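Chain residues, written in single-letter form:
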Amino acid sequence: MIKLFKVKEKQRELAENANGKTPVKKQSAGELRLHKDISELNLPKSCVISFPNGKDDLMNFEVTIRPDDGYYLGGTFLFSFNVSPIYPHEAPKVKCKTKVYHPNIDLEGNVCLNILREDWKPVLNINTVIYGLFHLFTEPNYEDPLNHDAAAVLRDNPKLFESNVRRAMAGGYVGQTLFPRCL
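Below is a short write-up of the structure.

Read across the sheet, four strands follow the order β1-β2-β3-β4 without closing on themselves; strand pairing throughout is antiparallel. Here the strands that pair on one side only, and so sit at the sheet edges, are β1 (47-50) and β4 (93-96). The mean angle between the axes of side-by-side strands here comes to 20°, regardless of whether they run parallel or antiparallel. Where strand β3 (residues 77-82) and β4 come together, four bridges link them in antiparallel fashion. Counterpart to F81 in the pairing with β4 is V94.

And the structure:
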C-alpha cells in the first residue's frame, strides 16, 4: 500500500516536470502553522518582520524592534528566528543579532524569555514571542538574567543602568565591552 502511494507521487512529479512546471514542495505541518501565524500577525508599529532569504523560506526570518518607551527608547534591535519543522511543538530559536547591554540578553545574543524555554506551549505563536521580546525592552527583568552584571546594576542602581544603556546604544564601552551603535 505504501509503495503504491510512492509510485503515484513519483508519477505526479514526472507529469508536472513534463508539463514544464516546477515540482511543488510539500509543506510540513510546522510550515503550515507558521504561515498561518505570520498571516495573522498584529505587531506594534515599532516591530517589523522581514525575510532575508525570501518569502519561500518562512522558517527563517528576522524581526526588528524599535522600543518606543523605557531605557531602550530610540534603539534598533535585530532578532533572528529559526523555526523547527515540528513547530508549534517546539519553540522557535531566537537570537539577538544586535550586541546589547541588557540583563535578559547575553553578549552572544542568547535571549532569556520564559516562553522560549520552559513555558512554551503549542497554543503560543510568533506574535506572542515578538510581544515578549518587545516587553523585554520596555520592562527588563533583573530577577531572571543572562547578563548578571547588567542585572545587578539594574537592581542596585537604576540610574547607572540607564547611563550604561545609553552609552552602549551610542556605540561606547560598558566595562571592558564595546557595543556597536544602535540608535
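Still more to cover.
Across the interface, helix α4 (residues 148-156) lies against helix α5 (residues 158-169) with an axial gap of 5 Å and an inter-helix angle of 135°. By the criterion of interaxial angle, the relationship of α4 to α5 is oblique. Counted together, A150, V153, L154, R155 and D156 of α4 and P158, L160, F161 and N164 of α5 form the full contact between these two elements. Partitioned by chemical class, the residues of the contact of α4 with α5 number six nonpolar, one polar and two charged.

Another point: the pattern of salt bridges. If you walk through the whole model with that rule in mind, you get seven salt bridges. Between R117 and E118 there is a salt bridge; the shortest N-O distance is 3.4 Å. Exposure remark for R117: the relative accessible area of 38% places this residue in the partly exposed category. When its relative accessible area of 54% is taken as the criterion, E118 is described as exposed. One salt bridge connects D156 with R155, and the closest N-O pair in it is separated by 3.0 Å.

Looking now at the environment of T76. Note on placement: T76 falls in the loop between β2 (60-65) and β3. Between the alpha carbons of T76 and M169 there is a distance of 8.9 Å; along the sequence they are 93 residues apart. Every residue in contact with T76, bar those within four places of it in the chain, is listed here: T64, I65, R66, T98 and C182.

Tracing the sequence through the fold places F137 in helix α3 (residues 126-138). On the basis of relative accessibility, which here comes to 0%, the residue F137 falls in the buried class. Each C-alpha atom, one on F137 and one on G70, is 7.0 Å from the other, the two residues being 67 residues apart in sequence. Setting aside residues up to four positions removed in sequence, F137 forms contacts with I65, P67, D69, Y72, F77, F79, V100, H102 and I105.

For the rest of this paragraph, the subject is the environment of L43. Structurally, L43 can be placed in the loop between α2 (29-39) and β1. Judged by relative accessible area, L43 falls into the partly exposed class, the value being 21%. For the pair L43 and F134, spaced 91 residues apart in sequence, the C-alpha separation works out to 9.9 Å. Those residues in contact with L43 that lie beyond four places of it in its chain are N127, I130 and Y131.

About the criteria used
- Residues numbered from 1 in each chain as written.
- Predicted model: local features only at pLDDT ≥ 70, side-chain atom pairs only at ≥ 80, totals over all residues.
- Heavy atoms only, no water.
- Pairing = 2+ DSSP bridges.
- Helix = DSSP H or I, 4+ residues; strand = E, 2+ residues; numbered from the N terminus.
- Axes fitted to C-alpha atoms, helices over the stretch in contact; angles between N-to-C directions.
- Parallel < 35°, antiparallel > 145°, perpendicular 65-115°, else oblique.
- Contact = heavy atoms within 4.5 Å.
- Nonpolar A, V, L, I, M, F, W, Y, C, P; charged D, E, K, R; others polar.
- Salt bridge = Lys/Arg side-chain N within 4 Å of Asp/Glu carboxyl O.
- Buried < 20%, exposed > 50% of the residue type's maximum accessible area, 1.4 Å probe, protein only.

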